[in-house]
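Each chain, written out:
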Amino acid sequence: MSLALDAPAPVGFAEKIWRINWGLVLVLTAIAGVGVLALYSAAGGRLDPWASRHAVRYGAAFVLMLTVALIHPRVWLAMAWPIYVVSLVLLIAVDLIGKIGMGAQRWLVIGPMQIQPSEIAKVAVILVLARYYHGLSKEQASKFLYTLPPLLVILVPVALVMVQPDLGTAMMVLMGGGALLFVAGVRLWMFLVAAVGAVACLPIAWSFMHEYQRKRVLTFLDPDRDPLGAGYHITQSKIAIGSGGLFGKGFLKGTQSSLNFLPEKQTDFIFTTFVEEWGMAGAFVLLGLFALVLVWGFSIALRSQHHFGRLLALGVTAMLFLYVFINTAMVMGLLPVVGVPLPLVSNGGTAMVSVMFACGLLIGVSVYRDAQLPRTR
């Protein structure tokens, strides 16, 4: 009887709408607006082929985000494993019958759609790990034996993504999963052992890397070794960012982008395209918007009354941080060039949908922050 009295009252539809973090929604929309501007400029002042498509995708993904946010977390708790299994099946399908593009096999063509399952796997891993640790006590989470299942959950999709090959996404899944293990209570010594083991395996990993991946690492260590070959991307990116100065060259006045010196200006190097035109001031504004999203993510996690919500919010926040950090560090030459887009800014349908789905989960944690969820693995 007392437990029933203490249980929170059901949240009505109007209350759910009120609890949606509309400030976060507004910031996400502003970031997507920056993406439309940058893609419009990357196409030489034309809406086609990227800007208009980006806006339509965001509109559809916006509806998806709000729909996901209004669904009770117990549904996502129950659906975590099925979503994960589906993501693995799609990854296996990519390795078997996937479309090959730019030297990699990363896409599945389903009718008129082209999807990248590795983007789905990032969110699926977060869901499963949040569910798993929701069912453990703090003492259990810190024990080595209980760490083995989540390691398998992380490493299976990492291996499947590496086969494609997609080093950037594989590292994101690995680091995102590692971040969630850390906040779940896994002991620090386990991370140190894993780090030592990873360093010891570097020579083996090097032998399995593709030639273009080795060139990217060597170019990162010495950008001037092949400025017209493997180092061309990062050299042109640095030139574009540096030429932007404090306030940029002005909208539609970026020379590196408009004259096609900058490869992949609409995807991986969209941040470079933007900074060349808007300068350091524009970069700070955009990164400030992303920082607001991360701060709200931590705030939502801290306010959640259920462990699943806390872990889910922290996992999504970590994923968004990795997206932004890896992409911006990559185009500035602080990390090797890998295929990681800038969320809501780079052109790409699957990445847009997966990020907005994840943001819907994040907002949903805020909407149902007082929910009571059963502990289950």
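Residues numbered from 1 in each chain as written. Predicted model: local features only at pLDDT ≥ 70, side-chain atom pairs only at ≥ 80, totals over all residues. Heavy atoms only, no water.

**Examining the overall build of the protein**
Of regular secondary structure, the protein possesses 17 helices and three strands. Taking all 377 residues of the protein together, the buried fraction comes to 50%. Excluding contacts between residues fewer than 6 apart, the proportion of contacts in the protein whose partners are at least 24 apart in sequence is 73%. Carbon and sulfur atoms provide 72% of the accessible area of the protein, an area that totals close to 17,600 Å². (Helix = DSSP H or I, 4+ residues; strand = E, 2+ residues; numbered from the N terminus. Buried < 20%, exposed > 50% of the residue type's maximum accessible area, 1.4 Å probe, protein only. Contact = heavy atoms within 4.5 Å. Areas by Shrake-Rupley, 256 points an atom, 1.4 Å probe, with all protein chains shown as cover.)

**Describing the pattern of salt bridges**
Counting across every chain of the model gives four salt bridges. Taking the shortest distance from any N to any O, the salt bridge between E15 and R19 comes out at 3.2 Å. Taken as a pair, E15 and R19 lie in helix α2 (residues 13-19) at a separation of four residues, close to a single helical turn. Taking the relative accessible area as the measure of exposure, R19 reaches 14% and is therefore buried. A salt bridge links D370 to R19; the shortest N-O distance between them is 3.1 Å. (Salt bridge = Lys/Arg side-chain N within 4 Å of Asp/Glu carboxyl O.)

**Topic: the nonpolar core**
Counting residues in hydrophobic clusters, the biggest one holds 101 residues, and the most contacted among them are I31, Y133 and L286. The element best represented in this core is helix α16 (residues 307-331), accounting for 13 residues. The contacts of L286, once residues within four sequence positions are left out, are I31, V34, F271, F274, L342 and V345. Grouped together as the second largest cluster of nonpolar side chains are five residues, L90, A93, V94 and I115 included. (Core = buried A, V, L, I, M, F, W, Y, C linked by side-chain atoms within 4.5 Å.)

**Considerations on the packing of helix α8 (residues 148-163) against helix α9 (residues 167-184)**
Put simply, α8 and α9 touch, their axes get as near as 8 Å, and they point 170° apart. Put simply, α8 runs roughly antiparallel to α9. Residues P150, L151, I154, L155, P157, V158, V161 and M162 of α8 touch α9, and the partners they reach there are L167, T169, A170, V173, L174, G177, G178 and L181. Looking at side-chain class alone, the contact of α8 with α9 contains 13 nonpolar, three polar and no charged residues. (Axes fitted to C-alpha atoms, helices over the stretch in contact; angles between N-to-C directions. Parallel < 35°, antiparallel > 145°, perpendicular 65-115°, else oblique. Nonpolar A, V, L, I, M, F, W, Y, C, P; charged D, E, K, R; others polar.)

**Some points on helix α3 (residues 22-42)**
Its 21 residues give α3 an end-to-end C-alpha distance of 30 Å, which sits within 8% of 30 Å, the value for a rise of 1.5 Å per residue. Buried within α3 we find L24, V25, V27, L28, I31, A32, V34, G35, A38, L39, S41 and A42. Note on α3: the residue one or two positions beyond its end, G44, has a positive phi of about 75°. (Expected span 1.5 Å × (residues − 1).)

**Side note on the packing of aromatic side chains**
On inspection of all chains with the given rule, the structure shows 10 aromatic pairs. Here F182 and F191 contribute two aromatic rings whose centre-to-centre distance is 5.8 Å and whose plane-to-plane angle is 70°, an arrangement assigned as edge-to-face. Chaining the aromatic ring pairs together yields one cluster made of Y40, F251, F274 and W278. (Phe/Tyr/Trp six-rings, centres within 6.5 Å; stacked < 30°, edge-to-face > 60°.)

**Focus: the environment of F13**
Relative to the assigned elements, F13 resides in helix α2. Taking the C-alpha atoms as reference, F13 lies 8.5 Å from L70; in sequence the two are 57 residues apart.

**A closer look at unusual backbone geometry**
Backbone torsion omega between D48 and P49 reads 10°, so that peptide bond is classified as cis. Its place among the elements puts P49 in the loop between α3 and α4 (51-69). With a phi angle near 70°, L252 is a residue other than glycine that sits in the positive phi range. By the element assignment, L252 lies in the loop between α13 (232-244) and α14 (255-258). Phi is positive for L344, close to 70°, though the residue is something other than glycine.

**Focus on the side chain of S304**
With respect to the element layout, S304 can be found in the loop between α15 (270-303) and α16. Residue class for S304 comes out buried when judged on its relative accessible area of 2%. Once residues within four sequence positions are removed from consideration, S304 is found in contact with G309, R310, V365 and R369.

**Description of the confidence of the model for the protein**
Do not read the predicted coordinates in detail wherever pLDDT is low. With 88% of its residues at a pLDDT of at least 70, the protein reaches an overall mean of 86. Taken element by element, the protein is modelled with least confidence in helix α1 (residues 2-6), mean pLDDT 43, and with most confidence in α4, mean pLDDT 95. Low pLDDT (under 50) marks residues 1-6, which in the prediction has one contact with non-local residues, meaning those over four places away or in another chain. (pLDDT = per-residue confidence, 0-100.)

**A few points about the packing of helix α6 (residues 117-134) against α8**
One can describe the packing of α6 onto α8 by two numbers: an axis separation of 10 Å at closest approach and a directional angle of 175°. Between α6 and α8, the crossing angle belongs to the class labelled roughly antiparallel. Residues S118, A121, V125, V128, L129, Y132 and Y133 of α6 lie in contact with α8, whose contacting residues are P149, P150, V153, I154, P157 and V161. Partitioned by chemical class, the residues of the contact of α6 with α8 number 12 nonpolar, one polar and no charged.

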